[in-house]
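Inside the fold
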Amino acid sequence: MKILHLDNNHPLLLNQLKGLGFTNHEDYTSSKSEIEAKILGYDGIIIRSRFTIDQQFLDAATNLKFIGRVGAGLENIDCDYAEKKDVYLISAPEGNRNAVGEHTLGMLLSLFNKLNKADREVREGKWLREANRGLELDGKTVGLIGYGNMGKAFAKKLRGFDVEVLCYDIKANVGDDNAVQTSLSDLQEKAEILSLHTPQTELTKNMVNSEFINSFKNPFWLINTARGKSVVTKDLVEALKTGKILGAGLDVLEYEKSSFENLFTSESMPEAFKYLINAENVLLTPHIAGWTVESNIKLAQTIVDKIKAKFC
């Protein structure tokens, strides 16, 4: 079987697949249309997020047997159409769930203890202890929306704290020893911290809007290491201004796209994003929650293992 690699990944992917008898071809630069013109010659694709695998692409891939996505989600693939074409879909949430769990906890603790603000001030010669008095996580109620690989990994990290952990998920019976599954209304009644761990779907797009935010009884802290388009940024900013949201840790933003860097020009930067980058109670990272040295290896290994289990 011939595999076309469309994104550069950890070399173990190429090496181990070769050892299993697969033929690897790499193309990290051709346009989508150029790939479509030759994709009929391949049995498998390995991709991260270079471009969308849509119906037109899948129609051109007449011999395609599988798509391996080196990441947690499959939102850049028309999954329904791929399944109709009998294309086996492989993702690797097991590979970066621990990284996401650690990053989520790190963001929360940094916000609670004002670590970024305090560090910046000390570097500027300011020694402001009272202004940087922090909060303790113990005694708080943490609500998780989405309790799959990522939500479970974060809940596991919270075991060392004296916190109540609630989870809401559209699937039944996903709760475990680390989180009590509950209704969304009950979570909104009790949670003081909300962490999102949902995939990008029609249900989750623009999920966190003004109506959703105002349904929480308590002012709360928001952490999003899932998908940027789940949060309506202008509604988040309004809630930050009113104090309904006490602070936010955002590893993802609704503005994300291939030309994301263009947001950093005054002509194109959204007003809501301007607020976020200047807010002391907001922590921003560039979609790196699952992006560690270890996860780079584990993501690749997970893809190899799943291909091996299915086709060898």
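This text gives an overview of the structure that appears in the document. (Residues numbered from 1 in each chain as written. Predicted model: local features only at pLDDT ≥ 70, side-chain atom pairs only at ≥ 80, totals over all residues. Heavy atoms only, no water.)

**Notes on the packing of helix 5 (residues 93-112) against helix 7 (residues 149-157)**
Convention followed: The axes used here are C-alpha line fits, helices contributing only the stretch in contact, and every angle between their N-to-C directions lies in the interval 0 to 180 degrees. Only DSSP runs of H or I reaching four residues or more are called helices, and only runs of E reaching two or more are called strands; each is numbered from the N terminus. The scheme is simple: roughly parallel for angles under 35 degrees, roughly antiparallel for over 145, roughly perpendicular for 65 to 115, oblique for anything else. Should the near helix be turned anticlockwise from the far one by less than a right angle, the crossing is termed left-handed; should it be turned clockwise, right-handed. Two residues form a contact once any of their heavy atoms are found within 4.5 Å. Basically, the charged four are Asp, Glu, Lys and Arg, the nonpolar ten are Ala, Val, Leu, Ile, Met, Phe, Trp, Tyr, Cys and Pro, and anything else, Gly included, counts as polar.
At a minimum axis distance of 8 Å, the contact between helix 5 and helix 7 shows a crossing angle of 50°. By the angle class used here, helix 5 and helix 7 are oblique. The hand of the helix 5/helix 7 crossing is right-handed. Here Pro93, Glu94, Asn96, Arg97, Asn98, Val100, Gly101, Glu102, Thr104, Leu105 and Leu108 of helix 5 come into contact with helix 7, specifically with Asn149, Met150, Ala153, Phe154 and Lys157. Grouping the amino acids of the contact of helix 5 with helix 7 by side-chain chemistry returns seven nonpolar, five polar and four charged.

**Some remarks on the sheet that holds strand 8 (residues 180-181)**
How we decide: Strand pairing follows a simple DSSP-based rule, namely that at least 2 bridges must link the two strands.
Read from one edge to the other, the open sheet built from seven strands follows the order 8-7-6-9-10-11-12, with strand pairing classed as parallel. Strands with a single pairing partner mark the edges of an open sheet, and in this sheet they are strand 8 and strand 12 (282-284). Across two bridges, strand 7 (residues 164-168) lies against strand 8 in parallel orientation. Across the sheet, leucine 166 pairs through a bridge with valine 180, a residue of strand 8.

**Focus on the packing of helix 10 (residues 233-242) against helix 11 (residues 271-278)**
The description of two helices packed together rests on the angle between their axes and the distance between the axes. For the pair helix 10 and helix 11, interaxial distance at closest approach is 9 Å and the crossing angle is 45°. Between helix 10 and helix 11, the interaxial angle falls into the category oblique. Handedness of the helix 10/helix 11 crossing: left-handed. Where helix 10 approaches helix 11, its residues Thr233, Lys234, Leu236, Val237, Leu240 and Lys241 are matched on the opposing element by Ala272, Tyr275 and Leu276. Partitioned by chemical class, the residues of the contact of helix 10 with helix 11 number six nonpolar, one polar and two charged.

**As for helix 5**
How we decide: Any helix carries an expected span of 1.5 Å times its number of residues minus one. Burial here depends on accessible area, computed with a 1.4 Å probe over protein chains only, as a share of the maximum for the residue type. Under 20% is buried, over 50% is exposed, and the range in between is partly exposed.
Look at helix 5: 28 Å from first C-alpha to last across 20 residues, which is about the 28 Å you get at 1.5 Å a residue. Of all 20 residues that make up helix 5, 14 are buried, and the element is covered over most of its length. Positive backbone phi, approximately 55°, marks lysine 114, located one or two places after helix 5.

**Some thoughts on the nonpolar core**
We apply this condition: Nonpolar core, defined: a set of buried Ala, Val, Leu, Ile, Met, Phe, Trp, Tyr and Cys residues in which side-chain atoms within 4.5 Å join the residues together.
Among the nonpolar cores identified, the biggest contains 30 residues, and Leu194, Leu196, Leu222, Leu236, Ile245 and Leu276 are the most heavily contacted of them. Secondary structure elements with two or more residues in this core: strand 9 (193-196), helix 9 (210-214), strand 10 (220-224), helix 10, strand 11 (245-250) and helix 11. In terms of residue count, the dominant contributor to this core is helix 10 (four residues). Setting aside anything within four residues of it in sequence, one finds leucine 276 in contact with Thr233, Leu236, Val237, Leu240, Leu250, Leu253, Val282 and Leu284. Counting 21 residues, the second largest nonpolar core, distinct from the first, contains Leu105, Leu108, Tyr147 and Ala179.

**Description of the sheet that holds strand 1 (residues 2-5)**
Read from one edge of the open sheet, five strands run 2-1-3-4-5, paired in parallel fashion. Among the strands making up the open sheet, the edge pair consists of strand 2 (23-26) and strand 5 (88-90). Going from strand to strand, the sheet's axes swing by 20° on average, the running direction of each strand aside. The pairing of strand 3 (residues 44-47) with strand 4 (residues 66-69) spans four bridges and is parallel. Opposite isoleucine 47, over in strand 4, you have arginine 69 as the bridge partner. Contacts from helix 1 (residues 12-19) reach strand 1, strand 2 and strand 3, with the element oriented near 150° to strand 2. Contacts from helix 12 (residues 293-311) reach strand 3, strand 4 and strand 5 within the one sheet, and its direction differs from that of strand 5 by about 155°.

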